[in-house]
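Examination of the molecular architecture
So the chains spell out like this:
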Number of protein chains: 2
Amino acid sequence: MTSWIESANAPHCHFPIQNLPYGVFAKNGEEPRCGVAIGDMVVDMAVLEAAGLLDAGGTTTVFDKPALNDFMGLGKASWDSVRDQLTALLAKDGDPALSGNGTLQRKALVPMSAAQMFMPFAVSEYTDFYAGKQHAFNVGTMFRGPENALPPNWLHIPIGYNGRASTVIVSGTHIKRPVGQVKAPTDEAPSFKPCARLDIELEMGAVVGLPSEMGQPISVQEADDMIFGYVILNDWSARDIQAWEYQPLGPFQAKAFATSISPWVVTKAALEPFRASTPAREKELLPYLNEPGPMLYDIDLEVYMQPEGAAKASRLAKTNYKQMYYSAAQQLAHHAVSGCKMNIGDLLGSGTISGPDKSEYGSLLEMSWGGKEPITLETGETRTFIEDGDTLTLTGWAQGDGYRIGFGECTGTILPAPDFKA
Amino acid sequence: MTSWIESANAPHCHFPIQNLPYGVFAKNGEEPRCGVAIGDMVVDMAVLEAAGLLDAGGTTTVFDKPALNDFMGLGKASWDSVRDQLTALLAKDGDPALSGNGTLQRKALVPMSAAQMFMPFAVSEYTDFYAGKQHAFNVGTMFRGPENALPPNWLHIPIGYNGRASTVIVSGTHIKRPVGQVKAPTDEAPSFKPCARLDIELEMGAVVGLPSEMGQPISVQEADDMIFGYVILNDWSARDIQAWEYQPLGPFQAKAFATSISPWVVTKAALEPFRASTPAREKELLPYLNEPGPMLYDIDLEVYMQPEGAAKASRLAKTNYKQMYYSAAQQLAHHAVSGCKMNIGDLLGSGTISGPDKSEYGSLLEMSWGGKEPITLETGETRTFIEDGDTLTLTGWAQGDGYRIGFGECTGTILPAPDFKA
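Remember, predicted model here, so these are calculated numbers, not experimental data.

Each helix and strand counted, chain A has twelve helices and 26 strands in total. If one aligns the C-alpha atoms of chain A with their principal axes, the spans along those axes are about 70 × 55 × 45 Å. Each of the 422 residues in chain A was classed as buried or not, and the buried ones make up 63%. Restricting the contact set of chain A to residue pairs at least 6 apart, pairs at least 24 apart contribute 72%. About 14700 Å² of surface is accessible on chain A, with carbon and sulfur atoms providing 52% of the total. Looking at charge distribution, chain A has the averaged site of its 32 positive side-chain charges lying 3 Å from that of its 49 negative ones.

Pairing is possible between side chains that carry opposite charge, provided their charged atoms lie close to one another. Across all of its chains, the model carries 48 salt bridges over all chains by this definition. The salt bridge partner of A:Lys255 is A:Glu201, with a shortest N-O separation of 3.0 Å. Separated by 54 residues along the polypeptide, A:Lys255 in helix α9 (residues 253-256) and A:Glu201 in the loop between β12 (198-199) and β13 (202-208) bring together distant segments of the chain. Given the relative accessible area of 4%, A:Glu201 is considered buried. Between B:Glu378 and B:Lys312 there is a salt bridge, with the nearest N and O atoms lying 2.3 Å from each other. Pair noted here: B:Glu378 is in the loop between β23 (375-376) and β24 (382-383) and B:Lys312 is in the loop between β20 (300-306) and β21 (314-320), with a separation of 66 residues, a long-range link. Overlapping salt bridges bring together A:Asp199, A:Glu201, A:Asp235, A:Arg239 and A:Lys255 as one network.

Take the confidence of the model for chain A next. Residues at a pLDDT of 70 or more form 100% of chain A, whose mean pLDDT is 97. The secondary-structure element of chain A with the lowest mean pLDDT is helix α6 (residues 133-144) of chain A, recorded at 93, while strand β16 (residues 259-261) of chain A shows the highest, at 99.

Per the UniProt record, the feature "domain: Fumarylacetoacetase N-terminal" (unreviewed entry) sits at residues 18-120 of chain A. Note that residues 18-120 of chain A is 36% helix and 20% strand, and that its end C-alpha atoms are spaced 20 Å apart.

The interface of chain A with chain B comprises 65 residues on the first partner and 65 residues on the second. Together chain A and chain B conceal approximately 5800 Å² of surface at their shared face, both sides included; 63% is due to carbon and sulfur atoms. Three residues, A:Arg164, A:Leu249 and A:Phe252, lead the burial of chain A against chain B; their summed loss comes to 14% of the area buried on that side. For the pair chain A and chain B, the interface holds 25 residue pairs in polar contact (both at pLDDT 80 or more). For the side of chain A that touches chain B, the elements supplying multiple residues, two or more each, are β6 (126-129), β7 (160-162), β10 (179-182), β11 (191-194), α8 (239-245), α9 and α11 (328-336) of chain A.

Across a sheet, strands are paired by hydrogen bonds formed along the backbone, either parallel or antiparallel in direction. Residues and elements named next belong to chain A. If you walk across this open sheet you meet the five strands as β9-β26-β25-β20-β21, and the pairing is mixed. Only two strands of the sheet have a single partner each, and these edge strands are β9 (175-176) and β21 (314-320). Two strands pair when backbone bridges link them, and β9 and strand β26 (residues 404-415) are joined in this way by two bridges, in the parallel orientation. Each residue of the ladder has a partner; that of Ile 175, found in β26, is Ile 414.

Between the two copies of the chain lies a relationship made up of a rotation around an axis and a movement along it. The two copies are related by a screw operation: chain A maps onto chain B through 180° of rotation and 0.0 Å of translation along the axis, at an RMSD of 0.0 Å. With respect to symmetry, the two chain copies, as superposed, fit the operation of a two-fold axis. Residues of chain A ranked by C-alpha distance from the rotation axis are headed by A:Gly250, positioned 2.2 Å from it. Looking at chain A, 100% of its interface residues are interface residues in chain B too, so the copies touch through the same face.

As recorded in UniProt, the feature "domain: Fumarylacetoacetase-like C-terminal" (unreviewed entry) lies at residues 127-414 of chain A. Summarising residues 127-414 of chain A: 16% helix, 31% strand, and an end-to-end C-alpha distance of 23 Å.

Residues and elements named next belong to chain A. Structurally, Tyr 361 is set in the loop between β22 (347-349) and α12 (364-367). A relative accessible area of 9% places Tyr 361 in the buried class. Dropping the residues within four chain positions of it, Tyr 361 is found in contact with Gln 134, Asn 138, Ala 317, Ser 354, Gly 355, Pro 356, Glu 366, Met 367 and Trp 369.

Within this structure, the stated rule accounts for 32 aromatic pairs over all chains. For the pair A:Trp79 and A:Phe228, a centre-to-centre distance of 4.9 Å together with 80° between the ring planes defines the contact as edge-to-face. One end of the pair, A:Trp79, is in helix α3 (residues 76-90); the other, A:Phe228, is in strand β14 (residues 227-234), and 149 residues separate them in sequence. Pairing A:Phe129 with B:Phe252 gives two aromatic rings, centres 5.8 Å apart and planes at 90°, and the pair type is edge-to-face. Taken together, the residues span two chains, with A:Phe129 in strand β6 and B:Phe252 in the loop between α8 (239-245) and α9 (253-256). By way of ring pairs, the aromatic residues A:Tyr22, A:Phe63, A:Phe71, A:Trp79 and A:Phe228 are connected into one cluster.

This paragraph deals with the pairing of strand β2 (residues 33-38) of chain A. Residue and element names in this part refer to chain A. Of all the six residues making up β2, six are buried; the element is thus mostly covered by neighbouring parts of the structure. Note that strand β1 (residues 22-26) and β2 share four bridges and pair antiparallel. Note on β2: the bridge partner recorded for Val 24 is Cys 34. Two successive antiparallel strands, β1 and β2, enclose a turn made up of six residues, where Asn 28 displays a positive phi of approximately 55°.

Attention now moves to the domain arrangement of chain A. All names here are of chain A. Under the domain assignment, chain A is made up of domain 1 (6-118) and domain 2 (126-415). A separation of 29 Å is found between the C-alpha centroids of domain 1 and domain 2. Facing 27 residues of domain 1, the contacting portion of domain 2 comprises 28 residues. Both faces combined, the contact of domain 1 with domain 2 buries some 2100 Å², and carbon together with sulfur accounts for 70% of it. Broken down residue by residue, the surface that domain 1 buries against domain 2 is led by His 14, Met 72 and Trp 79, which jointly contribute 28%. Applying the counting rule to domain 1 against domain 2 returns zero salt bridges.

Residues and elements named next belong to chain A. Its place among the elements puts Ser 314 in strand β21. On the accessibility criterion, Ser 314 (1% relative accessible area) is buried. Among all residues touching Ser 314, those that are not within four sequence positions of it are Val 303, Tyr 304, Met 305, Leu 377, Glu 378 and Thr 379.

Residue and element names in this part refer to chain B. Taken in spatial order, the five strands of this open sheet run β9-β26-β25-β20-β21, and their pairing is mixed. Only two strands of the sheet have a single partner each, and these edge strands are β9 (175-176) and β21. Here β20 runs beside strand β25 (residues 391-399); their pairing, made up of seven bridges, is antiparallel. Paired with Asp 300 across the strands is Trp 397, a residue of β25.

On to the pairing of strand β1 (residues 22-26) of chain B, then. All names here are of chain B. The buried count for β1 comes to five of five residues, which makes it a mostly enclosed element. Alternating residues of β1 divide into Tyr 22, Val 24 and Ala 26 and Gly 23 and Phe 25, and every residue in both groups is buried. As defined by bridge partners, β1 adjoins strand β5 (residues 116-118) across three bridges and the pair is classed as antiparallel. Counterpart to Ala 26 in the pairing with β5 is Gln 116.

All names here are of chain A. Residue position: Gln 330 is located in helix α11. We classify Gln 330 as buried; its relative accessible area is 1%. Here Gln 330 is in contact with Pro 158, Val 220, Thr 278, Arg 281, Leu 285, Leu 289, Glu 291 and Tyr 325, once residues within four sequence places are set aside.

Counting buried positions over the eight residues of helix α11 (residues 328-335) of chain B gives eight, a clear majority of the element. Those residues of α11(B) not exposed but buried are B:Ala328, B:Ala329, B:Gln330, B:Gln331, B:Leu332, B:Ala333, B:His334 and B:His335.

Criteria and thresholds
- Residues numbered from 1 in each chain as written.
- Chains lettered and ligands numbered in written order.
- Predicted model: local features only at pLDDT ≥ 70, side-chain atom pairs only at ≥ 80, totals over all residues.
- Heavy atoms only, no water.
- Helix = DSSP H or I, 4+ residues; strand = E, 2+ residues; numbered from the N terminus.
- Buried < 20%, exposed > 50% of the residue type's maximum accessible area, 1.4 Å probe, protein only.
- Contact = heavy atoms within 4.5 Å.
- Areas by Shrake-Rupley, 256 points an atom, 1.4 Å probe, with all protein chains shown as cover.
- Lys, Arg positive; Asp, Glu negative; His and termini not counted.
- Charge placed at Lys NZ, Arg CZ, Asp CG, Glu CD.
- Salt bridge = Lys/Arg side-chain N within 4 Å of Asp/Glu carboxyl O.
- pLDDT = per-residue confidence, 0-100.
- UniProt positions renumbered as here; feature names shortened; annotations may be inferred.
- Buried area = accessible area lost by both parts, 1.4 Å probe.
- Polar contact = N/O pair within 3.5 Å; in protein donor to acceptor, adjacent residues only side chain to side chain.
- Pairing = 2+ DSSP bridges.
- Least-squares fit on C-alpha atoms with pLDDT ≥ 70 in both.
- Phe/Tyr/Trp six-rings, centres within 6.5 Å; stacked < 30°, edge-to-face > 60°.
- Domains from an automatic or database assignment.

Given below as structure tokens:
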């Protein structure tokens, strides 16, 4: 299938008609509203809704809002119906209501280059998992040696911790280098300074579109049905702050300063052809974690770094989401198992996605093996961790036959630490 | 000072005119709105606002809302002004606008017994700390022995972790016993079952009333200025789930099923006469954690348990908030230090408040010393952990000269585990 918006039909375009991811945008300083990406254009869904061409089936309008939450809350019948309506409106030889109406196109089609992107949804709560086995093994090996690399519970539980929703930001937002307490094992006492081991974590984020009830566990199938879509996620990490603070209650300020996500939520419907199975279980899972079918996705992922002033970005890693040991549906089922209520807009980070080869590692901690083996960029510069002015960009796509279901970019530039004297 | 509402003047009343805590209530199934407790009555602040007797100073009304968040966001000048206005309206020989108007009283005064209480504010995010030294020492001793009881960072950092806001509930809400993965050290593999070591944690909760900026640390004084008030908080805990899941990233489902808070937010203004200092520092703190003055409070706290069908509740513990090693202001300053944005409605749990004597322990884990020493109730029954049908009640007050600044009760009853077959 192709679109009458020709830019959507280019073979490497992230946003063909098969994708139709949702985001929140504004042009010319107008109020942010919901849009859908197609080729190099954003379709203003609020305009289509007001024109009577798009109906999400609720009792009120849902696209003239600065977040997807209201639309997500309408549930799967609405998600499917809106996708069908958009497909008809944007397909070549489809419904001519938009393709044949130049006046409406001038109102409803906004070049991506003119669109400012906002957070696509209001994050209710953010949870970060640790479900990549290679990553857990690498980090465990650095700290405890390869024999004790994986914690004893790791093969039984999709380990996760609650993160901080208030600092989940949309791609393109700059980030100040965090300050905080650090103490190297050889230091007498902790000191207060800017993070010296600033890192990324390459992750996918699952967006919860429907709520669960407090006090009621859910099955993996029910969990999968609650997921609206996925984004690419960068769980920025301050490794030196983390090392000193994380025992016994887990990461806190080391992860609280920023988490970036890509601006377009790619729907589960668009990803359906790319379902992949989690790897063979090394230990049998308890039944509440059993998957009824393939629940990962075959999504190629890349990491780039571009120092300030560098002519080009250097690729640091290439990996795939199907490397994960646990799927987002398993994570969500585990998240709710104690009776924890899940809400529309909850965001679940997958955990760092690393493949077995060094070129597939999803964090600088792993790429530089704890800072001991500098990485050489294509510009000749080297890095162990992130320096001020560096721009880190994550990208990814599912490769179809002649088209890509792309996520666009999740990018962020590190600014110097804030000026703060206690 | 006394009130013309005579029940407020009884010496042990939790809600004298010196208190004036805020909550959200409804009567007769009407819409929830903001109210203030005085004696055995709730004053409907929305009615007073509509009658022109109460003005928070904003551009719109703020009390005809199901949460205190809008009022909190108006800031200290508004908090002070509303307190002054309420004091004048409710004091004996004060402003007669309410005391002299029987018609208005019939609309604005609701007996507490007829008021249903709701969550007093929308919880943006919930963070739980671990700032009681006796509790950290007790728990550490049980797990690692007295020599290594305190983690190395404990005397330097107010250790905290992000909790789950979606299951913060108002006092009186019943709680289903959580289910989940457990594995005793002697078990071959984990199993899925209802929690067998269900516990409370006696805590105070600090309510953040004003936001901070992303990327900008705040001083302890700035943090204190952002705190609107305090509640009593029960951080329900599933100890067997916790023991198996918490390494390496901290408590997750063991704490995610429920956190109860008392319905009335006691303001910082009411607590001001009861300021107390944190104890002498055993290790010098980094300057960003230095307190400009006393920032704890002298608040007596009690824990009661009442089994289903028992004629009376048994007191399990009596302690005091001034036992804490870190104040809420220090915790909040640490929370924001990396650049973590804090929001209106964030809730910070103090950590379990245990005193040095066994009668002052704030959790059953400590009272029964890991379940090894059963507690005998006044009814003759014994407990190590909580059984189905048990009601746990926390209460507390600051004792003034002839009056109490009370928090009311934070209570919850445990129901059987949900029926769930994966």
